[in-house]
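Residues per chain, in single letters:
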Amino acid sequence: MCVSDLAGSMEWYEVFFGRKADEIIGEEHLWRVGENAYVVIDAREVRARRVGGSMITFGVSGTEFDEIMARIARHGLPHGPTETYSNGVRHVEVLDPDGNSLSLAAVP
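Here is a short report on the structure shown in this document. (Residues numbered from 1 in each chain as written. Predicted model: local features only at pLDDT ≥ 70, side-chain atom pairs only at ≥ 80, totals over all residues. Heavy atoms only, no water.)

**Here we look at the layout of surface pockets**
Leftover empty space is mapped by rolling, across the atoms, a probe with the size of a water molecule.
Piece 1. Its boundaries defined by the atoms lining it, the largest pocket holds a volume of some 280 Å³.
Piece 2. When contributions to the lining of the largest pocket are tallied by element, the ones reaching two or more residues are helix H1 (6–17), strand S2 (28–34), strand S4 (55–60) and helix H2 (62–74).
Piece 3. The element best represented in the lining of the largest pocket is H2, accounting for 4 residues.
Piece 4. Of the residues in the lining of the largest pocket, the class split is 7 nonpolar, 1 polar and 5 charged. (1 Å grid on protein atoms, 1.4 Å probe; cavity = no way out; pocket = protein on both sides within 12 Å on 5 of 7 lines; lining within 4 Å. Points joined across faces, edges and corners; volume = space filled by probe spheres on them. Helix = DSSP H or I, 4+ residues; strand = E, 2+ residues; numbered from the N terminus. Nonpolar A, V, L, I, M, F, W, Y, C, P; charged D, E, K, R; others polar.)

**A short note on the packing of aromatic side chains**
Aromatic ring pairs are defined here through the distance separating the ring centres and the angle between the ring planes.
Piece 1. Considering all chains together, one arrives at 8 aromatic pairs under this definition.
Piece 2. A connected cluster of aromatic rings, assembled from ring pairs, spans Trp12, Tyr13, Phe16, Phe17, Trp31 and Phe58. (Phe/Tyr/Trp six-rings, centres within 6.5 Å; stacked < 30°, edge-to-face > 60°.)

**As for the pairing of S2**
Piece 1. Strand direction decides the pairing type here: strand S1 (residues 23–25) and S2, joined by 3 bridges, are antiparallel. Across the sheet, residue Ile25 finds its bridge partner in S2, namely Glu28.
Piece 2. Counted along the chain from S1 to the antiparallel partner S2, the turn is 2 residues long, and its residue Gly26 has a positive phi close to 65 degrees.
Piece 3. With 5 bridges joining them, S2 and strand S3 (residues 37–41) adopt antiparallel strand pairing. Bridge pairing in S3 links His29 to Ile41.
Piece 4. Between the antiparallel neighbours S2 and S3 lie 2 residues. (Pairing = 2+ DSSP bridges.)

**Quick notes on the nonpolar core**
Piece 1. Membership of the largest hydrophobic core comes to 22 residues, with the highest contact counts inside it found for Tyr13, Phe16, Phe58 and Leu104.
Piece 2. Elements with a contribution of two residues or more to this core: H1, S3, S4, H2, strand S6 (90–95) and strand S7 (101–106).
Piece 3. Top contributing element to this core by residue count: H1, with 5 residues.
Piece 4. Beyond its immediate stretch of four places on either side in the chain, Leu104 contacts Phe16, Phe58, Val60, Phe65, Ile68, Met69, Arg90, His91 and Val92. (Core = buried A, V, L, I, M, F, W, Y, C linked by side-chain atoms within 4.5 Å. Buried < 20%, exposed > 50% of the residue type's maximum accessible area, 1.4 Å probe, protein only. Contact = heavy atoms within 4.5 Å.)

**Re the pattern of salt bridges**
Piece 1. On inspection of all chains with the given rule, the structure shows 3 salt bridges.
Piece 2. Close ionic contact of Arg19 with Asp22 constitutes a salt bridge, the shortest N to O distance being 2.8 Å.
Piece 3. For Arg19, a relative accessible area of 30% gives the class partly exposed.
Piece 4. Since its relative accessible area comes to 36%, Asp22 is described here as partly exposed. (Salt bridge = Lys/Arg side-chain N within 4 Å of Asp/Glu carboxyl O.)

Set out below in structure tokens:
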């Protein structure tokens, strides 16, 4: 995720994930989101043209969905409306301060 303000984005992502970055490698901050998957935030100038253009959807359990939504509500992070699709999947889009999209999809 290319971001414009590393310090501000670190705070936002810590709220979203509920923890500090799992690793810091150079100027990149990494949150482990799967066995071999990470979300990385990077504010280096070389990434400036790509800020705000990323989109990720996380498949989560219903309980995880509720916990994440409660946490971001406590911290006042804005998000779109929660939609429930005909197959029972709940979906919500959360935008980081730069407009990068992090969506949650909970299977019933």
